[in-house]
Amino acid sequence: MPELPEVETIRRDLEPRVVGRTITAFRVAEDSGKPVPVVKRMDEASFREAVSGASIRFLERRGKYLVFGLDSGLSLVVHLRMTGALLYRRPTDPPDRYLRAVFRLDDGHELRFADLRKFGGLWLVESFDEVTSALGPEPLGEGFSRELLEAALKDRKAPVKSIILDQRRIAGIGNIYADEALFEAGIDPRRPGGDLSVEAMLKLFGAIGKVLLAGVESRGASFRDYLDADGNTGNMQMYVRVFRRTGKPCYNCGTLIERVKVGGRSTHFCPSCQR
Ligand SMILES: [Zn+2]
């Protein structure tokens, strides 16, 4: 699933290409609207009418969401969820599989939204908060601090991994980067948040920033479906140290990486390095 680094990669690739462009047309791919509509909370015709003719003024990311600011004052919000991709194509480029919707731009390019599992969606809203009002601060932004992480963990019995995956606490961390950050910090993902020492909490704070930045620098992780805006895979999957390395030796100590379930999520960790 695309997490912060993957969505940020798409944002950075698209920003210089789409900001200042006008959306000239929108269509939902045949058969794609069923059974799950790709346009959320609005009928397709109203959505098409509202985005057609609108210019894109900015492109931001919040958590795992892309937010296209339109000159009409509305925001076009895209969430890729499990398998979504937002592809920048020419109309003459070969068709993309699992195509769900297409935005035509005034320079002739297309933004194609493809999504195998159909969990992703498009929203048109006056305020981003209408899609999610409960998103925590950006872990790579100024709004995130040691104090904030400390407050999120304090007195909590929930596993530390579940706490850092909670989008209301910190926006944008998913399963890959949670496992990698906890390895980097040397913390057992099952430990209750409230049990962490100040030292461990500080390590985790640094580790979250480090692994997310590494993910952005590697253009995201492509384990299965993630593709950037040009349809290419990222590189971070080559640099992970525990995620999906079950049964392989830890790069630090040689102990075999184990997989357990934490809060219902597959979790990969080194039983020797992570305490
Ligand atoms: Zn180890």
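Just above sits the structure.
Summary of the structure given here.

Calculation rules
Residues numbered from 1 in each chain as written. Predicted model: local features only at pLDDT ≥ 70, side-chain atom pairs only at ≥ 80, totals over all residues. Heavy atoms only, no water. Buried < 20%, exposed > 50% of the residue type's maximum accessible area, 1.4 Å probe, protein only. Helix = DSSP H or I, 4+ residues; strand = E, 2+ residues; numbered from the N terminus. Arc of directions from axis to C-beta. Contact = heavy atoms within 4.5 Å. Polar contact = N/O pair within 3.5 Å; in protein donor to acceptor, adjacent residues only side chain to side chain. Pairing = 2+ DSSP bridges. Axes fitted to C-alpha atoms, helices over the stretch in contact; angles between N-to-C directions. Parallel < 35°, antiparallel > 145°, perpendicular 65-115°, else oblique. Left-handed = near helix turned anticlockwise from the far one by under 90°. Nonpolar A, V, L, I, M, F, W, Y, C, P; charged D, E, K, R; others polar.

## Structural notes on helix 3 (residues 146–153)
Along helix 3, the positions that sit buried rather than exposed are Leu149, Ala152 and Leu153. Along the axis of helix 3, the buried positions cluster into a sector of 95 degrees, meaning they face one direction only. Summarising the contacts, the buried residues of helix 3 are in contact with helix 4 (160–165) and helix 6 (198–217). Just beyond helix 3, the residue with positive phi is Asp155, at close to 65 degrees.

## A short note on helix 2 (residues 44–51)
Two or three places before Ala45, at the start of helix 2, stands the capping residue Asp43, its side-chain oxygen 3.2 Å from that residue's backbone nitrogen. Phi turns positive one or two residues past the end of helix 2, at Gly53, with a value near 95 degrees.

## A closer look at the sheet that holds strand 6 (residues 99–105)
Spatially, 1-6-7-5 is the arrangement adopted by the four strands of the open sheet, whose pairing is antiparallel. Two strands lie at the open edges of the sheet, namely strand 1 (23–28) and strand 5 (84–89), each paired on one side alone. Ignoring which end each strand starts from, the neighbouring axes of this sheet average 15 degrees apart. Packed on one face of the sheet, helix 1 (residues 4–18) meets strand 5, strand 6 and strand 7 (110–115) and runs near 35 degrees to strand 5. Where helix 2 meets the sheet, its contacts fall on strand 1 and strand 6, and the angle it forms with strand 1 comes to roughly 165 degrees.

## Some points on the packing of helix 3 against helix 6
Following both chains from N to C, one finds helix 3 and helix 6 inclined at 120 degrees, their axes separated by 10 Å at the closest point. As summarised for this structure, helix 3 and helix 6 are arranged oblique, according to the angle between their axes. Handedness of the helix 3/helix 6 crossing: right-handed. Contacts from Arg146, Leu149, Glu150 and Leu153 in helix 3 reach Val198, Met201, Leu202, Leu204 and Phe205 in helix 6. Counted by class, the contact of helix 3 with helix 6 contains seven nonpolar, no polar and two charged residues.

None of this, on its own, says anything about what the molecule does.
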